[in-house]
Amino acid sequence: MKKILAFLLAAVMVLSLAACGGGASSAPAASTPAASTPQAPAEGGSSAAASEITLWTYPIGDWGKEDAVKALTDAFTAETGIAVKVEYLAYADGDDKVNAAITAGNAPDLVMEGPERLVANWGANGYMVDLSDMLDATDKGEINEAVLSACINAAGECYEYPLVMTAHCMAINLAAFKEAGADGLLDLENHTWTTEDFITAVERLNAQYGDVAAVYCAGQGGDQGTRALVNNLYGGTFTDAAHSKYTWDDPKNVKALEQLASMDGINFDASLAGGDEIALFYQGILKMAFCWNIAQQLNPNAADTGAGLTMNGEEIVFMGFPSEDGKPKLQGGIWGFGVFDNGDEGRIEAAKQFIKYMCDSEHTVDAVKTANYFPVRSAAEGTDLSTIWADNEIMNEYQVLMPYLGDYYQVTTGWAGARTEWWNMLQKVGEGADVATVVAEYAANANAAAG
């Protein structure tokens with residue numbers, strides 16, 4: 001299939017985001033710290049809460065901004081007397097800093113990020129405190145089931161207490177759909193559609209405009225979009241339910257890739273990653289984007305034409321990925337807090353107080369809004385969280401996707417290597433290789449690397 005002309009891409013690259021997902025990465029460093037065991041408990045450690053703790057946070061919404069976080073920690077200190085020293089991490093080198101601190105024996109008390117780091121990496125390697133004692137029956141009933149299962153390992157140990165979540169999705173140019181006579185194929189109330197309607201829409205848009213969408217595969221950036229697209233079309237899976245192996249050689253995924261590769265208007269493009277695709281969608285060159293979430297919907301381009309609009313002022317509508325029954329299973333983002341086992345019971349107790357304050361109290365509203373995502377729970381100690389975004393039309397509408405949050409399989413062993421195998425496989429499909437053969441080969445590679 002033909003590639004989108006390079007000069008068109010260059011014209012819009014200034015608008016490209018660093019990655020799909022609002023800056024939050026889902027790829028932990030492949031390496032683990034040199035130290036192989038947690039620090040020994042300090043002799044004479046006290047169960048009384050310490051008077052000062054440290055928090056290291058990745059840039060999760062405004063949790064990456066000092067002024068916003070200081071307002072939260074100052075309020076926590078005023079109520080509890082526990083001071084919080086905060087360090088702000090970047091995804092470029094944050095994992096290296098945390099790993100170095102663990103090795104040196106001076107890990108922070110708290111870290112804020114997702115299960116792929118806290119559960120599948122540092123927790124699995126024995127560096128985190130089991131927080132399962134913080135989860136009673138009420139908590140388990142209030143927290144989204146898919147979120148909770150991602151934060152607890154197979155042994156029942158909880159290495160992340162979750163705060164916020166989002167669902168990654170796709171987007172369409174509504175004006176283009178209307179002009180092509182394809183808008184009637186969309187359920188705009190629920191933001192869903194079927195596989196059959198998706199195929200018909202691409203046919204109509206291709207007849208009207210030519211290029212419609214890109215299966216981008218230059219690298220791992222935004223790969224949650226291509227995975228969700230392929231898995232949803234015919235109900236395939238990426239891993240097994242136990243997260244013990246990769247299953248994208250599922251015949252349903254082969255069928256989906258064969259369908260996509262056969263469609264005029266959809267290009268497997270090895271020159272594009274997720275951020276590049278978004279830029280072309282903003283420009284109006286592409287009529288669909290598979291790399292999308294609430295961050296893009298709120299702030300779609302550097303030209304600042306307004307929330308939910310392309311650079312040409314055309315309306316952007318977020319959509320769940322097409323599925324046979326119109327009920328998608330969406331890739332999610334989950335963020336919360338983990339506690340490093342530094343051997344000081346007093347600091348661990350203080351860290352737990354911080355988590356309770358931010359994640360399960362009347363103050364949770366402020367903590368969630370600072371993240372600019374959605375609460376993982378329906379209520380926090382009697383405070384209703386279901387209407388938290390009632391004053392924000394876009395955020396409030398986007399919540400319709402939350403019930404479609406699917407399995408958080410990013411905690412599967414060998415995740416970093418599997419992502420590389422996935423986009424390399426897509427490149428081969430785009431080159432015209434036999435789909436079933438390359439899918440089997442690269443899925444096997446992922447499983448071999450995972451051990």
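Before reading further, recall that the structure is shown in the block above.
Every value quoted in this text rests on a predicted model; they were computed, and no experiment measured them.

Undergrad: Please set out the overall build of the protein chain residue by residue, giving values where relevant.
TA: If you tally the helices and strands in the protein chain, you get 17 helices and 13 strands. Evaluated residue by residue, the protein chain yields a buried proportion of 54% over its 451 residues. In the protein chain, the share of contacts with a sequence separation of at least 24, taken over all contacts with a separation of at least 6, comes to 76%. Counting every atom, the protein chain has about 17300 Å² of accessible surface; 48% of that belongs to carbon and sulfur.

Undergrad: Describe the sheet that holds strand β9 (residues 316-319), with residues and values.
TA: Reading across the sheet, the three strands line up as β8-β5-β9 and stay open at both edges, with antiparallel pairing between neighbours. The open sheet has two edge strands with one neighbour each: β8 (288-292) and β9. Each strand axis lies, on average, 30 degrees off the axis of its neighbour in the sheet, ignoring direction. Where strand β5 (residues 169-173) lies against β8, three bridges are found, and the strand directions are antiparallel. Across the sheet, the residue bridging to C169 is W292, located in β8.

Undergrad: Help me get a handle on the side chain of N293, residues and values and all.
TA: Tracing the sequence through the fold places N293 in the loop between β8 and α12 (294-298). Looking at N293, its side chain comes within polar contact range of the side chain of H168, at 3.3 Å.

Undergrad: Kindly report on helix α9 (residues 223-234), identifying the contributing residues and their values.
TA: Among the 12 residues that make up α9, 12 are buried, leaving the element largely enclosed by the rest of the structure. All of the buried residues along α9 are D223, Q224, G225, T226, R227, A228, L229, V230, N231, N232, L233 and Y234. Buried positions along α9 lie against α8 (195-209), β6 (213-216), α10 (251-262), β8 and α16 (415-430). Of the residues one or two after α9, G235 is the one with positive phi, at around 85 degrees.

Undergrad: Break down the pairing of strand β10 (residues 332-339) for me, with residues and values.
TA: The element β10 is extensively covered by neighbouring structure, given that eight of its eight residues are classed as buried. As defined by bridge partners, strand β3 (residues 110-113) adjoins β10 across four bridges and the pair is classed as antiparallel. Note on β10: the bridge partner recorded for E113 is G336. Across six bridges, the pairing between strand β4 (residues 161-167) and β10 is antiparallel. Opposite P162, over in β10, you have G336 as the bridge partner.

Undergrad: Which residues make up helix α2 (residues 66-80), and what values go with them?
TA: The terminal C-alpha atoms of α2, which comprises 15 residues, lie 20 Å apart, in line with the 21 Å expected from a rise of 1.5 Å per residue. When α2 is considered as a whole, its buried residues turn out to be A68, V69, L72, T73 and F76. Buried residues of α2, viewed axially, fall in a sector of 120 degrees; they line one side. Relative to its buried face, α2 has exposed residues pointing more than 90 degrees away, namely E66, D67 and A78.

Undergrad: For the state of the cysteines, give the residues involved together with the corresponding values.
TA: If you walk through the whole model with that rule in mind, you get zero disulfides. Among the cysteines around C158, which has no disulfide bond, C151 carries the closest sulfur, lying 6.0 Å off.

Undergrad: Quick rundown of the packing of α10 against helix α17 (residues 435-450)? Include the residues and the values.
TA: Axis separation between α10 and α17 bottoms out at 9 Å; the angle between their running directions is 130 degrees. By the angle class used here, α10 and α17 are oblique. Handedness of the crossing formed by α10 with α17: right-handed. Contact residues: α10 offers V254, L257 and E258, while α17 offers V435, A436 and V439. A class-by-class count of the residues in the contact of α10 with α17 yields five nonpolar, no polar and one charged.

Reading guide: rules and limits
Residues numbered from 1 in each chain as written. Predicted model: local features only at pLDDT ≥ 70, side-chain atom pairs only at ≥ 80, totals over all residues. Heavy atoms only, no water. Helix = DSSP H or I, 4+ residues; strand = E, 2+ residues; numbered from the N terminus. Buried < 20%, exposed > 50% of the residue type's maximum accessible area, 1.4 Å probe, protein only. Contact = heavy atoms within 4.5 Å. Areas by Shrake-Rupley, 256 points an atom, 1.4 Å probe, with all protein chains shown as cover. Pairing = 2+ DSSP bridges. Axes fitted to C-alpha atoms, helices over the stretch in contact; angles between N-to-C directions. Polar contact = N/O pair within 3.5 Å; in protein donor to acceptor, adjacent residues only side chain to side chain. Expected span 1.5 Å × (residues − 1). Arc of directions from axis to C-beta. Disulfide = S-S within 2.5 Å. Parallel < 35°, antiparallel > 145°, perpendicular 65-115°, else oblique. Left-handed = near helix turned anticlockwise from the far one by under 90°. Nonpolar A, V, L, I, M, F, W, Y, C, P; charged D, E, K, R; others polar.

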